[in-house]
Amino acid sequence: MAGTIEQKLAAQGIVLPEPVAPVANYVGFVRSGNLLFVSGQVCNGLDGKLIAKGKLGAGVTIEQGSAAARGCAINLLAQVRIALGDLDKVVRVVRLGGFVNSAPDFLEGPKVLNGASDLMVAVFGDKGRHARTTIGVAVLPGDAAVEVEGIFEVA
Amino acid sequence: MAGTIEQKLAAQGIVLPEPVAPVANYVGFVRSGNLLFVSGQVCNGLDGKLIAKGKLGAGVTIEQGSAAARGCAINLLAQVRIALGDLDKVVRVVRLGGFVNSAPDFLEGPKVLNGASDLMVAVFGDKGRHARTTIGVAVLPGDAAVEVEGIFEVA
Amino acid sequence: MAGTIEQKLAAQGIVLPEPVAPVANYVGFVRSGNLLFVSGQVCNGLDGKLIAKGKLGAGVTIEQGSAAARGCAINLLAQVRIALGDLDKVVRVVRLGGFVNSAPDFLEGPKVLNGASDLMVAVFGDKGRHARTTIGVAVLPGDAAVEVEGIFEVA
């Protein structure tokens, strides 16, 4: 029987990808004690292509960026599911670090990151409310518009 | 009776703001075990306006940036006080992450961040000495000159 | 008698520097419980000079950047040795945060950071596999090409 969180995902039509292990000497997540550290996820969609590519403030809109941030959050959850086997074991989303590929005059990073924050609360409710840091970076891997990393408390 | 740290704040004329909860699906802090993760704080002063706006190396001086970093640190402590009720419960300032809104040729980020580090040691003494990472970012929310996030060990 | 990890370092010709304490109100590392947080390390070599200076995509090559990232990882290990006395006490490399001083069109940050990730696995084996976040930043302290911070689980 599917767990509570899996049911919420299904009810909202959220499909988690099967994450591909990094082709390098790092991994998607590491657990230490009750904390699960998940590697920075760029905004790949289910088709493996970037949901938004390029810089906010120079071609990518806030709406596109927010959708990209939501995609990053979905990719984080895919890693968490692999790590824990069951998303119901998430006790709390502790922290999201949000990186917005930004033109030097793009000031609305938090609106972009809300796409990730909203997804976490839609899935986990109050357990999904997290500490957050948003910064505008010079560039991201593969010219992804957004990257998000996460720390989760687990049972 | 005011705690030791509150007395130190008063003696140094440091007034903590009453933090406003973020108007979004994230929060100012999350505690997990003995670690308190505080969201990135931009350099708002007590009047709610940015202490310094724009880029270091392109209009904002190191002195202004350092004052801004100090303001970020004060905002972190305001969050910690809300979280714990009493700043005396801070066992250690574990880590500060410092983000300096930088022109691409501004090399003195650590001097800017010292404004935050000095504040922590002025308030907590040796317990205030922390691990630190300083980077120069393309831009920050609202064009803040500095943003600082923190991890605190709590009793 | 040298520990296992010290023997591995010696066998691979890796020499750790004697880290200089920061000349400011922060420190090279802080331990909290079983987690050791190590401050961001720029890419100084054993001679104290930057292994690579400037921006990837604007003068610094991927090969130079990767060597710089390896140097950052060596500097992290030097801090860990000071913190623990013995690198054999490292249970796991939990997370590396990698910051690449990047021109706004440099998309290959992960290839640069592999220099740090490869070093960790060369030294610690599977315990060296870590969660990782790579971002391209506007600038770094002293115009270092790469900076890396780390979280380690310790016995």
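Anyway, here's the lowdown on the structure attached to this text. The structure displayed is predicted, hence computed values, not measured ones.

1. What about the interface of chain C and chain B?
Much of the literature gives interface size as the accessible area that the parts lose upon coming together.
Phase 1: The interface of chain C with chain B comprises 26 residues on the first partner and 27 residues on the second.
Phase 2: In total, chain C and chain B occlude about 2000 Å² of area from one another, counting both sides; carbon and sulfur atoms represent 61% of this.
Phase 3: Its largest share of buried area at the contact with chain B, chain C owes to Asn 25, Phe 37 and Val 139 of chain C, together 30% of the area lost on that side.
Phase 4: Remark: the boundary between chain C and chain B carries one salt bridge.
Phase 5: On inspection of chain C and its partner chain B, the count reaches 13 residue pairs in polar contact (both at pLDDT 80 or more).
Phase 6: Among the secondary structure elements, those contributing two or more residues to the side of chain C that touches chain B are β1 (29–32), β2 (35–42), β6 (131–137) and β7 (146–154) of chain C.
Phase 7: When residues of the side of chain C that touches chain B are assigned to their parent elements, the largest contribution, five residues, is made by β2 of chain C.
Phase 8: Here the residues of the side of chain C that touches chain B are counted per class, giving 15 nonpolar, six polar and five charged.

2. A word on the sheet that holds strand β1 (residues 29–32) of chain B
Residue and element names in this part refer to chain B.
Phase 1: Within the open sheet, the five strands sit side by side as β1-β2-β7-β5-β6. Their pairing is mixed. Here the strands that pair on one side only, and so sit at the sheet edges, are β1 and β6 (131–137). The mean angle between the axes of side-by-side strands here comes to 15 degrees, regardless of whether they run parallel or antiparallel.
Phase 2: Of the pairings in the sheet, the one linking β1 to strand β2 (residues 35–42) comprises four bridges and is antiparallel in character. From the neighbouring strand, Val 30 faces β2, where its bridge partner is Phe 37.

3. Some words on the relation of the copies chain B and chain A
Phase 1: For the match of chain B to chain A, the screw axis carries a shift of 0.0 Å, the RMSD comes to 0.0 Å, and the turn is 120 degrees. When the rotation and shift are considered jointly, the pair of chain copies conforms to a three-fold rotation axis.
Phase 2: The fraction of interface residues of chain B whose copies in chain A are also interface residues is only 15%, indicating that the copies meet through different surfaces.

Conventions and cut-offs
Residues numbered from 1 in each chain as written. Chains lettered and ligands numbered in written order. Predicted model: local features only at pLDDT ≥ 70, side-chain atom pairs only at ≥ 80, totals over all residues. Heavy atoms only, no water. Contact = heavy atoms within 4.5 Å. Buried area = accessible area lost by both parts, 1.4 Å probe. Salt bridge = Lys/Arg side-chain N within 4 Å of Asp/Glu carboxyl O. Polar contact = N/O pair within 3.5 Å; in protein donor to acceptor, adjacent residues only side chain to side chain. Helix = DSSP H or I, 4+ residues; strand = E, 2+ residues; numbered from the N terminus. Nonpolar A, V, L, I, M, F, W, Y, C, P; charged D, E, K, R; others polar. Pairing = 2+ DSSP bridges. Axes fitted to C-alpha atoms, helices over the stretch in contact; angles between N-to-C directions. Least-squares fit on C-alpha atoms with pLDDT ≥ 70 in both.

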